[in-house]
Amino acid sequence: MLLKKLQLKTIDCSLMLAVCFSFFFTSIVTAQEIIPDAVAQKPVETPTGGKLKIDGIIATVGDYIVLDSDIDKGFLEIAAQGGSIKDITRCQMLGKLLEDKLYAHQAIQDSIIVSDAEVRTMMEDRLNYMVQQVGNIDEVVKYYKKSSVEEFKTYFSDILKEQKLASEMRDKIVKDVEITPEEVRNFFKKIPKEELPTFGAEMEVAQIVVEPKVSAEDKQKVKDRLIAIRKDVLEGSSFATKAVLYSQDPGSSKNGGYYKMTRKTPFVKEFKDVAFSLQEGEISEPFETTFGFHIIMVDKIKGQEVELRHILISPTVSEAALKEAKERITNIRNKIINKEITFADAARTESDEKETRANGGTLVNPTTQDTRFELTKMDPTLYSSVSNLKGDEVSQPLLNTDDKGKKTYKLITVTNRIDEHTADYAKDYTKIKELALKEKQISAIAKWFDTKIKDTYIKIIGEYRSCEFANNWLKK
């Protein structure tokens, strides 16, 4: 039962998060103002003599309210995404809404700040998605029954800010939760044999990467261009506008190059070193990373957190350089095929990819931080490259272009294949550790709710006072 309970909690959490933090059209989050107590779902007579319920406040959590219509929107949202709502009660839906309101309320009490820049970034992402789905922004505004784009953006920015506050609060609760090997062992021992999970087929993959050489002249052209942009900004031009116009970083260019980061944020070392060496308002000189050349401007420094903007420009790779890189990686492949060197040794001595070179080219799954890739969850591009490889076969040279336009040649091989199997403590330690950590995080969140519910003004009215909630919202 232990594992089943954990899986159920995880599934419920994922399902309900889809309701509250969706990228789709309907939002079940309401405005932040507190309205005086009202009778929830007060029946009134209809012209035909029947009863009609008027939407009203059904709950208050600190500075937030929940309307009865929010529950209906939640069901519509799940159904719109193809989910089943037959096993979800109105009480369960309300319980999840109350959780999100308490997260957001407590985030404000804990002085968690969500900047306008962050909200704008989220807004752009969501709006772009919505417009792609329905055709244009006017249709989005019409769907939400707003009179103008500006009214919709004001309304939607409040929603996004609340979502972000709740997310930051949850992260804060679990960020220091750690699990020891002994706790993992005890967790596994408690799982009844008949309830052990089954893990799907997996494989371990290694690669050798050869980067086309960029000439010193082409690098200098990029540096000179960034120096000119920096000069313009120092003379009064907008860094954000320059980033939109010239940056080749797809993750930030449309948002004016904006990033928020700490020293633990997974950026390349060279980028972080420069970012944390600057003062507010300072602009770096051009510097190089594996992605190209950058300049950074720091907007704000808040403790260990930095808000910055950056511009990335990568040197152009010539056709001659691409041809030379392909010839080099073809020679490496021939040596491996002819047994002159192993794939792992070739990766250590010949690969240009620092992240995998020391491990003989072995790739790390970015989702699990393990070396195994589950076939059903593997990146489609990677899967297509390895799915037809037999035994220890090495792929032909593959030309790869990443999301920043950088071109490299790769050789790929499968180093290990794991069939579908019942969980084994020794073989599947990483996955079992994840389950154990998830259980501990759920426990930490439960304790947090117990404490904060007692200290927060919470009121539930009407028929919902008879609900049996997972948390003690009624303070019985």
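Rules behind the numbers
- Residues numbered from 1 in each chain as written.
- Predicted model: local features only at pLDDT ≥ 70, side-chain atom pairs only at ≥ 80, totals over all residues.
- Heavy atoms only, no water.
- Helix = DSSP H or I, 4+ residues; strand = E, 2+ residues; numbered from the N terminus.
- Buried < 20%, exposed > 50% of the residue type's maximum accessible area, 1.4 Å probe, protein only.
- Contact = heavy atoms within 4.5 Å.
- Areas by Shrake-Rupley, 256 points an atom, 1.4 Å probe, with all protein chains shown as cover.
- Core = buried A, V, L, I, M, F, W, Y, C linked by side-chain atoms within 4.5 Å.
- Arc of directions from axis to C-beta.
- Disulfide = S-S within 2.5 Å.
- Pairing = 2+ DSSP bridges.
- Axes fitted to C-alpha atoms, helices over the stretch in contact; angles between N-to-C directions.
- Phe/Tyr/Trp six-rings, centres within 6.5 Å; stacked < 30°, edge-to-face > 60°.
- Lys NZ or Arg CZ within 6 Å of the ring centre and 35° of its normal.
- Salt bridge = Lys/Arg side-chain N within 4 Å of Asp/Glu carboxyl O.

- Per an unreviewed UniProt entry, the recorded name for the chain is Peptidylprolyl isomerase, and the organism is Flavobacterium hungaricum.

Observations concerning the overall build of the chain
Item 1. Summing up its helical and strand segments, the chain has 15 helices and 15 strands in all.
Item 2. In the chain, buried positions account for 42% of the 476 residues.
Item 3. The contacts in the chain between residues at least 6 apart in sequence include a share of 66% that link residues at least 24 apart.
Item 4. Counting every atom, the chain has about 26,100 Å² of accessible surface; 52% of that belongs to carbon and sulfur.

Considering the nonpolar core
Item 1. Judged by nonpolar contacts, the single largest core of 37 residues is most densely connected at Leu94, Leu98 and Trp473.
Item 2. Listing elements by their share of this core, those giving two or more residues are β3 (57-61), β4 (64-67), α2 (68-80), α3 (90-109), α6 (149-174), α15 (429-455) and β15 (458-460).
Item 3. Looking at which element gives the most residues to this core, the answer is α3, with 8 residues.
Item 4. The residues contacting Leu98, other than those within four sequence positions of it, are Ala59, Val61, Val66, Ile460, Phe469 and Trp473.
Item 5. If you look at the next biggest cluster of nonpolar residues, it comprises 14 residues, including Ile329, Ala346, Val394 and Tyr409.

Brief notes about the environment of Lys213
Item 1. For Lys213, the position within the fold is in the loop between β6 (202-210) and α8 (216-234).
Item 2. Judged by its relative accessible area of 52%, Lys213 falls in the exposed class.
Item 3. If sequence neighbours within four positions are ignored, Lys213 has contacts with Ala321, Arg328 and Asp352.

A few points about helix α7 (residues 181-190)
Item 1. Listing the buried residues of α7 in full gives Val184, Phe187 and Phe188. Taken around the axis of α7, the buried residues stretch over an arc of 95°, which confines them to a single face. For α7, exposure combined with an orientation more than 90 degrees from the buried face picks out Lys189 and Lys190.

Re the state of the cysteines
Item 1. Following the criterion strictly, the structure yields 1 disulfide and no others.
Item 2. Paired by a disulfide, Cys91 and Cys467 hold their sulfur atoms 1.9 Å apart. Because the sign of the S-S torsion sets the handedness, a value of about -70° for the bond joining Cys91 and Cys467 places this disulfide among the left-handed ones. Here Cys91 is found in helix α3, whereas its partner Cys467 is found in the segment after β15, with 376 residues between them in sequence.
Item 3. A relative accessible area of 24% means that Cys91 is categorised as partly exposed.

Some thoughts on the sheet that holds strand β10 (residues 305-313)
Item 1. Spatially, the 4 strands line up as an open sheet ordered β7-β10-β9-β8, and their pairing is antiparallel. Every other strand in the sheet has two partners, leaving β7 (258-261) and β8 (287-289) as the edge strands with one partner each. Neighbour-to-neighbour, the strand axes of this sheet turn through a mean angle of 45°, independent of strand direction.
Item 2. As paired strands, strand β9 (residues 292-302) and β10 are joined by 9 bridges and run antiparallel to one another. Counterpart to Val298 in the pairing with β10 is Leu308.
Item 3. The strands touched by helix α9 (residues 239-246) within the sheet are β9 and β10, with β10 carrying the most contacts at an inclination of about 40°.

Observations regarding the packing of aromatic side chains
Item 1. This model, assessed by the stated rule, comprises 11 aromatic pairs.
Item 2. Relative to Trp448, the ring of Tyr103 has its centre 5.4 Å away and its plane inclined at 20°; by these criteria the two rings are stacked. Of the two residues, Tyr103 sits in helix α3 while Trp448 sits in helix α15, which places them 345 residues apart along the sequence. For the residue pair Tyr103 and Trp448, the accessibility class agrees, reading buried in each case.
Item 3. With a centroid separation of 5.7 Å and 90° between ring planes, the pair formed by Tyr425 and Tyr429 is classed as edge-to-face.
Item 4. On the basis of relative accessibility, which here comes to 23%, the residue Tyr425 falls in the partly exposed class.
Item 5. In this structure, Lys146 packs its charged tip against the face of Tyr155, placed 4.1 Å from the ring centre.
Item 6. Taking the ring centre of Phe199 as reference, the NZ or CZ of Lys431 above it sits at 5.6 Å.

Structural notes on the pattern of salt bridges
Item 1. Enumeration according to the criterion identifies 27 salt bridges in this entry.
Item 2. As a salt-bridge pair, Glu183 and Lys440 come within 3.0 Å of each other at their nearest N and O atoms. Within this pair, whereas Glu183 is found in helix α7, its partner Lys440 is found in helix α15, the two being separated by 257 residues in sequence.
Item 3. Owing to a relative accessible area of 30%, Lys440 belongs among the partly exposed residues under this scheme.
Item 4. In this structure, Glu202 engages Arg372 in a salt bridge whose closest nitrogen and oxygen atoms are separated by 3.3 Å. Taken together, the residues Glu202 in strand β6 and Arg372 in strand β11 (residues 372-374) connect sequence positions 170 residues apart.
Item 5. Each of Glu118, Lys260, Lys302, Glu305 and Glu307 takes part in a single network of salt bridges with overlapping partners.

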